[in-house]
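Breakdown of the fold
Each chain is listed here by its residues.
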Amino acid sequence: MIYDTLASYYDALVKDDQATQAWVEWIEEFTEPCSMLELACGSGEITHALAQDGFSMNALDLSSEMIEQARKKDRSVSFYCGDMRDLSQFQTYDAVACLCDSFNYLLDKAEVRLFFKEVFDHLNPHGLFFFDTHSLDRIEEFKNEYNETGRIDNIDYQWSITSEEDIIYQDFAFYQANGMVIQEHHMQRVYDPAWLEEVLSEFFDILSVRTDFDKKGIDSGEKYFYVCKKK
Ligand SMILES: C[S@@+](CC[C@H](N)C(=O)[O-])C[C@H]1O[C@@H](n2cnc3c(N)ncnc32)[C@H](O)[C@@H]1O
């Protein structure tokens, strides 16, 4: 299962307090503290920051290891292990969020449409949906393979990112002291924003689209940020 090994190293690899603050400020531009369901919450950094600001958080992730990391950070949040494509166990919320490339783990267009419908069904009237996606530029960028090597807690790791057509591939290798190598292979799909907006508009009014938090609309950059309101 992806993230089962990565979970122990996730914060060491990507945790960034300034970025967490930027995510929180982006959300708080559009809503007061409210009830929120966070999908694919990972190690719970943004979840915890929102809870500290007064949001009533429920949070879900597919990886039980990620949920374990998240639970250690914030006992006030209700964390669930499960698949964001099936929200049948949840009630409705003032807001739903799916942050930091998590949406890109949905690999199929039909799945994306069903996901938006699932989010729609779990929002209160006029509820808000916050999510981001990798930009189209990332596909171009990773045509040249990205490679990172390093050491966390005496474990050497390698992280490579490549792309082909509309898929970004991320490969992680962790070299254990006993000689074992644990690998994870991740696939993320990048969708054309024109297609995304078409599907979103079946369920939502799109209130805001930005690139990299501060550029209006679809522009050059790493991520597109969407704020949508339930129709
Ligand atoms: C890049 S991490 C982002 C985590 C977190 N949102 C953050 O801001 O750091 C992607 C997360 O998506 C989760 N994920 C991927 N597919 C999922 C699915 N179908 N349902 C729930 N979580 C999923 C992974 O387990 C992982 O924790």
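On a predicted model such as this, the values are computed, not experimentally measured, just so you know.

Quick word on the overall build of the protein
Within the protein one finds 7 helices and 12 strands. Once the C-alpha set of the protein is aligned to its principal axes, its extents read approximately 55 × 40 × 30 Å. Per-residue burial over the protein gives 50% buried out of 231 residues. In the protein, once contacts between residues fewer than 6 apart in sequence are set aside, the share between residues at least 24 apart is 59%. Entry remark: accessible area of the protein is about 11100 Å², with carbon and sulfur atoms responsible for 45%.

Here's the deal with the pattern of salt bridges
Under the defined criterion, the tally for this structure stands at 15 salt bridges. Residue Glu29 pairs with Arg210 through a salt bridge whose shortest N-O separation is 2.6 Å. One end of the pair, Glu29, is in helix H2 (residues 17–30); the other, Arg210, is in strand S10 (residues 204–211), and 181 residues separate them in sequence. Among the ionic pairs, Lys117 bridges to Asp121, the shortest N-O distance being 2.9 Å. Taken as a pair, Lys117 and Asp121 lie in helix H5 (residues 109–121) at a separation of 4 residues, close to a single helical turn. Among the charged side chains, a salt-bridge network with shared partners connects Asp11, Lys15, Asp17, Glu45 and Lys73.

Digging into the pairing of strand S5 (residues 123–134)
Buried residues dominate S5, accounting for 9 of its 12 residues. As for the winding sense of the linkage, the β-α-β connection from strand S4 (residues 93–98) through H5 to S5 is right-handed. Of the strand pairs in this sheet, S5 and strand S12 (residues 223–230) are connected by 7 bridges, and their pairing is antiparallel. Looking across to S12, one finds that Phe129 is bridged to Cys228.

A closer look at the sheet that holds S10
Strand order in the open sheet formed by 8 strands is S3-S2-S1-S4-S5-S12-S10-S11, and the pairing between neighbours is mixed. Every interior strand has two partners, whereas the edge strands, strand S3 (78–81) and strand S11 (215–216), have only one. With 4 bridges connecting them, strand S1 (residues 35–39) and S4 associate as parallel partners. Bridge pairing links Met36 to Ala95 in S4. Along the sheet, helix H4 (residues 64–73) contacts strand S2 (56–61) and S3; its crossing angle with S3, the most-contacted strand, is approximately 170 degrees. On the sheet, helix H7 (residues 193–200) packs against S5, S10 and S12 and is oriented at approximately 10 degrees with respect to S12.

With respect to the site of the ligand
With respect to spatial proximity, 18 residues lie near the ligand, and among them Tyr10, Ala40, Asp61, Met84 and Leu99 are the closest. Between Met84 and the ligand, the recorded distance is 2.9 Å, taken from a backbone N or O atom to a nitrogen atom. The separation between a nitrogen atom of the ligand and a polar main-chain atom of Leu99 is 3.0 Å. Calculation on the ligand without its partners gives an accessible area of 600 Å², and the protein chains cover 93% of this total. Its residues assigned to classes, the shell around the ligand comprises 11 nonpolar, 4 polar and 3 charged.

Details of the domain arrangement of the protein
Assigned domains of the protein: these are domain 1 (6–135 + 192–230) and domain 2 (138–188). Measuring from the centre of the C-alpha atoms in domain 1 to the corresponding centre in domain 2 gives 24 Å. Domain 1 puts 12 residues into the contact, and the matching count from domain 2 is 15 residues. Interface of domain 1 and domain 2: buried area, both sides summed, is about 1400 Å²; carbon and sulfur atoms make up 65% of it. Together, Leu6, Tyr9 and Leu13 form the three largest contributors to the area buried by domain 1 at its contact with domain 2, with a combined 44%. Counting across the domain 1 and domain 2 interface gives 1 salt bridge. In terms of residue count, the dominant contributor to the side of domain 1 that touches domain 2 is helix H1 (residues 10–14) (3 residues). Tallied by class, the residues present in the side of domain 1 that touches domain 2 amount to 7 nonpolar, 3 polar and 2 charged.

Reading the values: the criteria
- Residues numbered from 1 in each chain as written.
- Predicted model: local features only at pLDDT ≥ 70, side-chain atom pairs only at ≥ 80, totals over all residues.
- Heavy atoms only, no water.
- Helix = DSSP H or I, 4+ residues; strand = E, 2+ residues; numbered from the N terminus.
- Buried < 20%, exposed > 50% of the residue type's maximum accessible area, 1.4 Å probe, protein only.
- Contact = heavy atoms within 4.5 Å.
- Areas by Shrake-Rupley, 256 points an atom, 1.4 Å probe, with all protein chains shown as cover.
- Salt bridge = Lys/Arg side-chain N within 4 Å of Asp/Glu carboxyl O.
- Right-handed = clockwise from strand over helix to strand, strands pointing away.
- Pairing = 2+ DSSP bridges.
- Axes fitted to C-alpha atoms, helices over the stretch in contact; angles between N-to-C directions.
- Near = heavy atom within 4 Å.
- Polar contact = N/O pair within 3.5 Å; in protein donor to acceptor, adjacent residues only side chain to side chain.
- Nonpolar A, V, L, I, M, F, W, Y, C, P; charged D, E, K, R; others polar.
- Domains from an automatic or database assignment.
- Buried area = accessible area lost by both parts, 1.4 Å probe.

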